[in-house]
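Read off the chains here:
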Amino acid sequence: KVIITYATLISLLTTSILGYFIANSITGPIRTLTKKAKALAKGNFNQSIEVKSNDEIGELGMMFNFLTKELRESIEKMDLERSKLDTIFNYMAEGVIAIDRKNRLIHANSIAKKILNILRRTLTGSST
């Protein structure tokens, strides 16, 4: 009877320890992914996950890496296009203004500002 009790306790302890490590091997990468996703949401786009397996969690990590790479590239393209547009607007010989749907002035290049005598504080948008 004592042997059966000890065997049961040892097997229960062994099962508990193995269960802990198995659960940790599943939840650890998910916690890491969650932490990186939060950083990504806050604007830190230089996030990547170290993929250690080819299972579903590994695939999720690979997809996260792919999405962050695509997001970085899209933002870089948008910044480049915005820079091009700003350069075009600022060096045009004609005055250019932009208004929003509520007919508020959101952009005016330097020529338009001179022609219309627009003060910088009149603009509601961030691009002047």
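The following paragraphs examine the structure supplied in this document. Every chain's residues receive numbers from 1 upward, in the order its sequence appears when written. For a predicted model such as this one, the threshold for reporting local features is a pLDDT of at least 70, and the threshold for listing and counting side-chain atom pairs is 80 or more; totals across whole chains, interfaces and linings nevertheless cover every residue. As a convention, hydrogens and water are excluded, and side-chain values are obtained from all of the structure's heavy atoms.

**A few points about the overall build of the protein**
- Labels follow the DSSP assignment, with helices taken as runs of H or I lasting at least four residues and strands as runs of E lasting at least two, numbered in each case from the N terminus. Check the secondary structure of the protein and you find 3 helices and 2 strands.
- Taken from N to C terminus, the helices and strands of the protein fall in the order α-α-β-β-α.
- Overall, the protein is about 100 × 25 × 20 Å in size when its C-alpha atoms are taken along their principal axes.
- Relative accessibility decides the category of a residue: with a 1.4 Å probe and only protein chains considered, values under 20% of the type maximum give buried, values over 50% give exposed, and everything between is partly exposed. Across the 128 residues that make up the protein, the buried fraction comes to 16%.
- Surface accessibility follows the Shrake-Rupley procedure with a 1.4 Å probe radius. Residue values consider only the protein chains on display as shielding. Within the structure as shown, the protein displays about 10,400 Å² of accessible surface, and the carbon and sulfur contribution to it stands at 62%.

**Section: the environment of K42**
- Note that K42 resides in the loop between α1 (2–41) and α2 (56–91).
- Take K42: its relative accessible area is 76%, and that puts it in the exposed class.
- Spatially, the C-alpha atoms of K42 and I3 are 57 Å apart, while their sequence positions differ by 39 residues.

**Structural notes on the pattern of salt bridges**
- Salt bridges are identified by distance alone: a Lys or Arg side-chain nitrogen within 4 Å of an Asp or Glu carboxyl oxygen. Scanning all chains against the criterion turns up 4 salt bridges.
- Two residues, R104 and D100, come together in a salt bridge whose shortest N-O distance is 2.8 Å.

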